[in-house]
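Breakdown of the fold
Listed below are the residues making up each chain.
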Amino acid sequence: MWDPASGETFGEYARRKNLQVRPVGWTWRTRDQVSTGRREDGVPFERRVDQLGNETREHSDGRRDAIINLAI
């Protein structure tokens with residue numbers, strides 16, 4: 001067990017124990033997938049799909065559409 005008072009950093013302890021520790025800020029989740037485009041009438045939009053498959057479209061004219069994935 002790592003002891004903070006030992007003077008050894010946690011990284012040194014983990015390397016000595018051959019533990020794989022991910023750096024702070026990384027995540028195992030995927031990032032949201034973002035794409036942009038234009039509707040048929042020329043209005044730009046941004047489409048965002050999150051890791052669960054939920055889709056959100058934000059249009060520059062103020063509209064927002066959402067498609068929620070309810071699959072379990």
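Placed above this text is the structure.
Before going into details, it helps to say that this report is about the structure given with it. Keep in mind that what you see is a predicted model, and the values were worked out from it rather than measured.

Brief notes about the pairing of strand S1 (residues 33-38)
The buried fraction of S1 is low, at zero of six residues. Pairing between S1 and strand S2 (residues 44-49): six bridges, direction antiparallel. Bridge pairing in S2 links Gln33 to Val49. Here S1 folds back onto S2 in antiparallel fashion, the turn holding five residues, of which Gly42 has a positive phi close to 95°.

Quick look at the sheet that holds S2
Across the sheet, four strands lie side by side as S1-S2-S3-S4; this open sheet has antiparallel pairing. Each end of this open sheet is capped by a strand with a single partner; those strands are S1 and strand S4 (64-67). Adjacent strand axes in the sheet meet at a mean angle of 15°, parallel and antiparallel pairs treated alike. Summarising the sheet, strand S3 (residues 55-59) and S4 pair through four bridges and their orientation is antiparallel. Paired with Glu55 across the strands is Ile67, a residue of S4.

Comments concerning the environment of Leu70
Examined against the element boundaries, Leu70 turns out to sit in the segment after S4. Taking the relative accessible area as the measure of exposure, Leu70 reaches 71% and is therefore exposed. In this structure the C-alpha to C-alpha distance between Leu70 and Gly53, which are 17 residues apart in sequence, comes to 9.0 Å.

Calculation rules
- Positions within a chain are numbered from 1, following the residues in the order the chain's sequence is written.
- Only residues with pLDDT of at least 70 are given local features in this predicted model, and only at 80 or more are side-chain atom pairs given and counted; all residues enter the totals for whole chains, interfaces and linings.
- Excluding hydrogens and water, the side-chain figures rest on all heavy atoms present in the structure.
- Classification of residues uses two cut-offs on accessible area relative to the type maximum, computed with a 1.4 Å probe and protein chains only: under 20% is buried, over 50% is exposed, and between them is partly exposed.
- The helix count covers DSSP runs of H or I at least four residues long, the strand count covers runs of E at least two residues long, and both are numbered beginning at the N terminus.
- By definition, two strands form a pair when at least two bridges between them are found by DSSP.
- Convention adopted: a line fitted to C-alpha atoms gives each axis, helices being fitted over their contacting stretch, and angles between N-to-C directions are expressed from 0 to 180 degrees.

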